[in-house]
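Okay, here's what each chain looks like letter by letter:
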Protein chains: 2
Amino acid sequence: MANQVASTALSRTESINLGALSLVCVAVLVRTLEGDGEPLIASLALSGLAFAATYATIRWLGPTFIKAGLKGRDLSKVNNTHYLPECMGAVCAIVYLLIIIIFIPFPFYKDIVVATSGGGNRDVVMNVEFVEKGRLLHKFPHSKLASFLSAIISLQSITLLGIGDDLFDIRWRHKFFIPAFASIPLLIIYFVDFGVTSIVLPTFLQPYVGRELFDLGALYYVYMAAFCIFSPNSINILAGINGIEVTQSIVIALLLVFNDALYLFTPYPHPATDSHLFSLFFLLPFLGVSFALLYHNWYPARVFVGDTYCYFAGMVFVVVSILGHFSKTLILLLIPQIFNFVYSVPQLFGLVPCPRHRLPHFNARTGLLEPSVTKWEKEKQPHPIIAKVLHLLSQFKLLRLKQDEDGRIEETSNFTILNLWLVWRGPMREDRLAIEITVMQTLVGLFGLFVRHRLALLIFREDNLSYSSAV
Amino acid sequence: MANQVASTALSRTESINLGALSLVCVAVLVRTLEGDGEPLIASLALSGLAFAATYATIRWLGPTFIKAGLKGRDLSKVNNTHYLPECMGAVCAIVYLLIIIIFIPFPFYKDIVVATSGGGNRDVVMNVEFVEKGRLLHKFPHSKLASFLSAIISLQSITLLGIGDDLFDIRWRHKFFIPAFASIPLLIIYFVDFGVTSIVLPTFLQPYVGRELFDLGALYYVYMAAFCIFSPNSINILAGINGIEVTQSIVIALLLVFNDALYLFTPYPHPATDSHLFSLFFLLPFLGVSFALLYHNWYPARVFVGDTYCYFAGMVFVVVSILGHFSKTLILLLIPQIFNFVYSVPQLFGLVPCPRHRLPHFNARTGLLEPSVTKWEKEKQPHPIIAKVLHLLSQFKLLRLKQDEDGRIEETSNFTILNLWLVWRGPMREDRLAIEITVMQTLVGLFGLFVRHRLALLIFREDNLSYSSAV
C-alpha cells in the first residue's frame, strides 16, 4: 500500500478506463445537444465525467495536499507512521460545483430554444425593450432557475466553510454552527422567491384545526435552519473508520434517487415530477464524485475525506429535499444518523467526559477494532443519577460498562453508533464494520421509504400533493 | 511593529469605535426595514458592518493563519525574519459574501411586500396553484434576482479557486486560467437568462454596416471570458509592495461608484438606473472590506492579502460591469493595469528571462526601493533583435539598461510598472511608491471617465442607451 501512496500517476488500466468513460460521456452529452437536450441523460453523462475527473484529481493532488499541511495519520492501522492526504472531500466538492454549473443550461435548453427561435425573425425592427432584455423573458421558468442558483450558492458556501474548518481545525462547539451560515442563502432565497410555509396536517388533526393546510410562518424557517444544521453535522459525527462517511452518504443519495424514480416512472405525469427531476440533477453528480472518493478512501484508505465532504454531502441532501419539498422523507433516511446523534448527546453536552477522538479502538495485536472507552478515575465518579442511567443503559445492552470490585465505574464505551455496534457484534476488522453499518443504513432507509409511501396514507389523506402514492 | 503582530486583541479604542460603528449600522438597517426597505441605505449600513467584521476578524485570525501555514516574510523590510499572515483576502471575500447574501432580500423588499399583502386576503379559499407556488410569482422581478445570484456564484467560485491558489502555490502559467473557471457561471447564466450579445456601433461605422446594433453572437461570450480572465490577473500582477493591491482596487471601486452616482442623480429617471444600483450594491460592501484590509496591509504591512484578494477584486469589477452592461467603462479604469500587463509581456512570454519575483529591490542601507533587475550573463546575451528593442526602450526611458565597456547588456530593470516608476522617479520609500502609483491610477481613471462621458458622444450617437450623457 505504501508505494501506492507515493505514486501519483494513473496506471495504464486506469487511464484507459477513465479515458473511455469520459469519451462515452462526452459523446452522450453532444448527442443530447443535437436532440432536444434531454437533461436527465445529460446529467448522467456529466456524472460520469465527474467520476473520472474526481478519481484522477484525487490521485494527482495527494502530494500537493500533504505539502500544504492537509495530512493525517491513520490511527487504526499497524503501520501508521506515514501521512495520508486529508480533506480530499474538497476536490469532490469543487469538481461537483464545476459540473453542476456546466449543467445549468440543460434543464432550460427547451426554454432557451423556444425563446430564441420563437421570438420572431431577428431582422425585423426590434424595440428597445427587446434589446435591453434580450430574449422574451416572460416565457422563461425563472423560478426554476432561481432554485438552481440558490442551491449552488448554498453548496459553495458549505464548501468554503468546510475548507476553512479543515484548514484551521475549528473547535467542535464552534463548527457545529458552520452549516448555519451556509443555510442563509437557501433560506433567504426561499423567502424571496418561494415563501411556501404551509404544511399539510395529518387527517386526524384536521377537524380540530379546521383546515387541511397549516401555515407555520417564521417557524418554518427555524425548522429549515435546524435541518440545515443537523444534516451535515449528523453525517460528520458518524465518522472515524475508513469509508464510512462516504458509504453512508452514497446510501442516502441512492435511496433519494430511488424515491425520485418512483415519481418519474408513474403511468400519469405526477405533479411533483419537476421537484424530483431537480433532485436527480443534484444527486447524480454527487454519486459520481462520491464513488470516486470511496475508491480512494475505502479500507485501507489512501486518502481522508475531511469535514468538507461530510458537510457538503449533508448539504446536498438538505438542498434537494428543501427545494424539492420532501424534507420529511429525508428525515426517514437519516434515522441511523439521528440515533447516533441522540446517543452521543451525553458526551456532546458534557454529561459524560468526551475525549478528542471517539473512534473505535484499534487493537494492533488482533488487527481488529474494539469499542473505545472513557475512563472514570476513582475520585472522579459520575453523578449518582448519571451513574444510574449508565447502569441502566448497560443492562439494555446500549453500553459496555466495566466496574471494579467496589461497584465503582472503571470505564464506559464511547457513545457512538460505531462503538455500540462493536459492543453488540464483538471486535471486527475495520472494513467489516463499515460494511455492516452501511447494510444497516440501507435496510433502515428502505424501511423508511416503505413507511413513507405505504403507511403515510393512514395519517395523511393525500400522499403530499397527489391523490395516490407513486407506484 | 513586532509586538503589534503578536497581539491579536483589539485595543480599547478600536473596540469602542468598531462597536459604535456596528451599532449605528444595525440601527440604520432596522430603520430601513421599518420604512420601505430602501436598499441603498441598507447596503451602506451593511458595508459598515462588513468593515467592522473584516477589521476585527483579520486581527483575530492572524496567528491561526500562520499556524495553518498561510504565512510569508516581507522582503522589503530591514527586520524580515518573522512571518506575517498571508492570504487575508480570503477573510475579506468570506465576510463580503456573507454580507451580500444577507443583503439579497433588500432590493426585493417592495416586491415581496406587494406579493404577500397584495395577494388577497389569506383566509379566502386558495387554489392549488397558489399553494404550490406560494406567492404570485409573475409579479416578481426574477431576472434581477437571477443576476444577483449569478454574481454571487461567480464571486464564490473565484474565492474557492483563489484560496486553492494561495494554499497550493499554483504555477504562474496555470493560475492564469483560474479566473476562466470562475467566469463559467457568469457566462452560463448570462446565456440562459439574458443573452444580449449586440453592441452599439460607433456612428461612423453605422452607414457601412447598415444598422445601429451589431450582434456579436458567440464572440460576445469570448469577449466576456477574456475580460473575466484579464481583470483579476491584471490586478494580481500589479503587486509586490505593501498596500498596492488594495489601493488600486479601492480606486477602481470608488471611480465605478462615482460613475454609478452620475446615473442616479439625474433630473429624470435614467433607463440604466437599475444597472447602476446593482453595481453599487456590490461595490459598497467591497469598499467596506477593502478599507479594513488596507488598514492592516498598509506600510508597514502586518498582513498580506494573497492572490485571493486580487482575483476577488478583479471579479467584483467584472461582475458589476458585465451584468450592468458597462464593461467598456471598466476598461478605461484599468488603463494602468493594461499598461502594466502589456509592458510585462516580454517577461511573461519568456522573451526576457523572468525571475520568480519581480518586486522592486529593497536597499537595506538606504531603506529605499530601487528597480529590481534581470542579469544577463556574458555568454547568455539576448537575441540581437531583442537587444535592439531593449536599447530602444532604454532610449525612450522605458527601461533602465546597464552595459559593460564592450556594449554587452549587463542588466535590465524588470518589466513592471512599479520598477519603471522607480526608473523615472528615482529610489523612494515603499509607502511613497504606493501613494504615487495610487494617485496616478486615480488621475488616469478620472480622465478615463471624462473621456467616457464627454467624448463618447463624438463616436456614439447616444451615450449607450440614453440620449444624453448623465450630469
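Rules used in this analysis
- Residues numbered from 1 in each chain as written.
- Chains lettered and ligands numbered in written order.
- Predicted model: local features only at pLDDT ≥ 70, side-chain atom pairs only at ≥ 80, totals over all residues.
- Heavy atoms only, no water.
- UniProt positions renumbered as here; feature names shortened; annotations may be inferred.
- Helix = DSSP H or I, 4+ residues; strand = E, 2+ residues; numbered from the N terminus.
- Expected span 1.5 Å × (residues − 1).
- Buried < 20%, exposed > 50% of the residue type's maximum accessible area, 1.4 Å probe, protein only.
- Pairing = 2+ DSSP bridges.
- Axes fitted to C-alpha atoms, helices over the stretch in contact; angles between N-to-C directions.
- Domains from an automatic or database assignment.
- Contact = heavy atoms within 4.5 Å.
- Buried area = accessible area lost by both parts, 1.4 Å probe.
- Salt bridge = Lys/Arg side-chain N within 4 Å of Asp/Glu carboxyl O.
- Parallel < 35°, antiparallel > 145°, perpendicular 65-115°, else oblique.
- Left-handed = near helix turned anticlockwise from the far one by under 90°.
- Nonpolar A, V, L, I, M, F, W, Y, C, P; charged D, E, K, R; others polar.
- Phe/Tyr/Trp six-rings, centres within 6.5 Å; stacked < 30°, edge-to-face > 60°.
- Lys NZ or Arg CZ within 6 Å of the ring centre and 35° of its normal.

Of the comments in the UniProt record for chain A, the one headed Sequence similarities (unreviewed entry) reads "Belongs to the glycosyltransferase 4 family." The UniProt entry for chain A carries the following comment under Subcellular location (unreviewed entry): "Endoplasmic reticulum membrane".

(A) Spatial organisation of helix H13 (residues 273-297) of chain A. With 25 residues, H13 of chain A extends 35 Å from end C-alpha to end C-alpha; this agrees with the ideal 36 Å at 1.5 Å per step. H13 of chain A sits mainly inside the fold: 20 of its 25 residues count as buried.

(B) Region of the structure containing the sheet that holds strand S7 (residues 373-375) of chain A. Residue and element names in this part refer to chain A. Spatially, 3 strands are ordered S7-S9-S8 in an open sheet, and the strand pairing comes out antiparallel. At either margin of the open sheet sits one strand with a lone partner, and together these are S7 and strand S8 (401-403). Across the sheet, the mean angle separating the axes of adjacent strands is 20° when strand polarity is ignored. Taken together, the 3 bridges between S7 and strand S9 (residues 409-413) define a ladder with antiparallel strand orientation.

(C) Just the pairing of S9 of chain A, in detail. Residue and element names in this part refer to chain A. Judged by how many residues are buried, S9 sits mostly within the fold: 4 of 5 residues are covered. The pairing of S8 with S9 spans 3 bridges and is classified as antiparallel. Looking across to S9, one finds that glutamine 403 is bridged to isoleucine 409. Here S8 hands over to S9 after 5 residues, with glycine 407 in that stretch at a positive phi of 85°.

(D) Structural detail: the domain arrangement of chain A. Residues and elements named next belong to chain A. Taken domain by domain, chain A comprises domain 1 (31-110 + 141-351 + 431-458) and domain 2 (361-429). Each of domain 1 and domain 2 has a C-alpha centre, and the two are 32 Å apart. Contact residues are listed per partner, giving 22 residues for domain 1 and 18 residues for domain 2. Both faces combined, the contact of domain 1 with domain 2 buries some 2000 Å², and carbon together with sulfur accounts for 68% of it. Looking at the side of domain 1 facing domain 2, the largest losses of area belong to Tyr343, Gln347 and Leu433, adding up to 33% of the total buried there. Viewed at the interface, domain 2 and domain 1 are joined by 2 salt bridges.

(E) Examining the sheet that holds strand S8 (residues 401-403) of chain B more closely. Residues and elements named next belong to chain B. Judged by pairing direction, the sheet is antiparallel, and its 3 strands sit side by side in the order S7-S9-S8 without closing on themselves. Edge positions in the sheet fall to strand S7 (373-375) and S8, since each has one partner strand and no second. The sheet shows a mean angle of 20° between the axes of neighbouring strands, direction not considered.

(F) Here's a closer look at the pattern of salt bridges. For the coordinates displayed, the defined rule picks out 20 salt bridges over all chains. Across the pair glutamate 411 of chain A and lysine 375 of chain A runs a salt bridge, and its minimum N-O distance is 2.8 Å. Of the two residues, glutamate 411 of chain A is situated in strand S9 and lysine 375 of chain A in strand S7; the sequence distance between them amounts to 36 residues. For arginine 408 of chain B, the salt bridge identified is with aspartate 404 of chain B, shortest N-O distance 3.4 Å. Within the structure, one salt-bridge network assembled from shared partners comprises Asp74, Lys77 and Glu430 of chain A.

(G) Fine view of the packing of helix H4 (residues 89-103) of chain A against helix H7 (residues 142-168) of chain A. Residue and element names in this part refer to chain A. In contact at an axis separation of 10 Å, H4 and H7 are set at 160° when each is read in the N-to-C sense. In terms of orientation, H4 lies roughly antiparallel with respect to H7. Here H4 runs over H7; the crossing is left-handed. Residues Ala90, Ala93, Tyr96, Leu97, Ile100, Ile101 and Phe103 of H4 touch H7, and the partners they reach there are Phe148, Ile152, Leu155, Gln156, Thr159 and Ile163. Its residues assigned to classes, the contact of H4 with H7 comprises 11 nonpolar, 2 polar and no charged.

(H) Up close: the packing of aromatic side chains. Tallying each qualifying case throughout the model produces 45 aromatic pairs over all chains. Residues tyrosine 96 of chain B and phenylalanine 312 of chain B carry aromatic rings whose centres are separated by 5.1 Å and whose planes lie at 80° to one another, so their mutual orientation is edge-to-face. In this pair, tyrosine 96 of chain B is assigned in helix H4 (residues 89-103) and phenylalanine 312 of chain B in helix H14 (residues 306-323), connecting sequence segments 216 residues apart. Both rings, one in tyrosine 190 of chain B and one in tyrosine 221 of chain B, keep their centres 6.1 Å apart while their planes meet at 80°; by these two values the pair is edge-to-face. Of this pair, tyrosine 190 of chain B sits in helix H9 (residues 178-193) while tyrosine 221 of chain B sits in helix H11 (residues 218-237); the two residues are 31 residues apart in sequence, bridging distant segments of the chain. Assigned by exposure class, tyrosine 190 of chain B and tyrosine 221 of chain B land together as buried. Here a set of aromatic residues connected by ring pairs shows up, and it is made of Phe103, Phe106, Phe108, Phe148, Phe278, Phe281 and Phe282 of chain A. Seen from the ring of tyrosine 83 of chain A, lysine 71 of chain A lies directly overhead, with NZ or CZ sitting 4.7 Å from the centre. Sitting above the plane of the tyrosine 295 of chain B ring, arginine 302 of chain B keeps its charged end 5.4 Å from the centroid.

(I) Representation of unusual backbone geometry in the model. Residue proline 300 of chain A is bonded to the preceding tyrosine 299 of chain A through a cis peptide linkage, with omega at -15°. Its place among the elements puts proline 300 of chain A in the loop between H13 and helix H14 (306-323). Although it is not a glycine, lysine 397 of chain A sits at a positive phi angle of roughly 60°. Phi is positive for cysteine 87 of chain B, which is not a glycine, with a value near 70°. You can see cysteine 87 of chain B is positioned in the loop between strand S2 (84-85) and H4. Here cysteine 87 of chain B falls in the buried class, since its relative accessible area comes to 2%.

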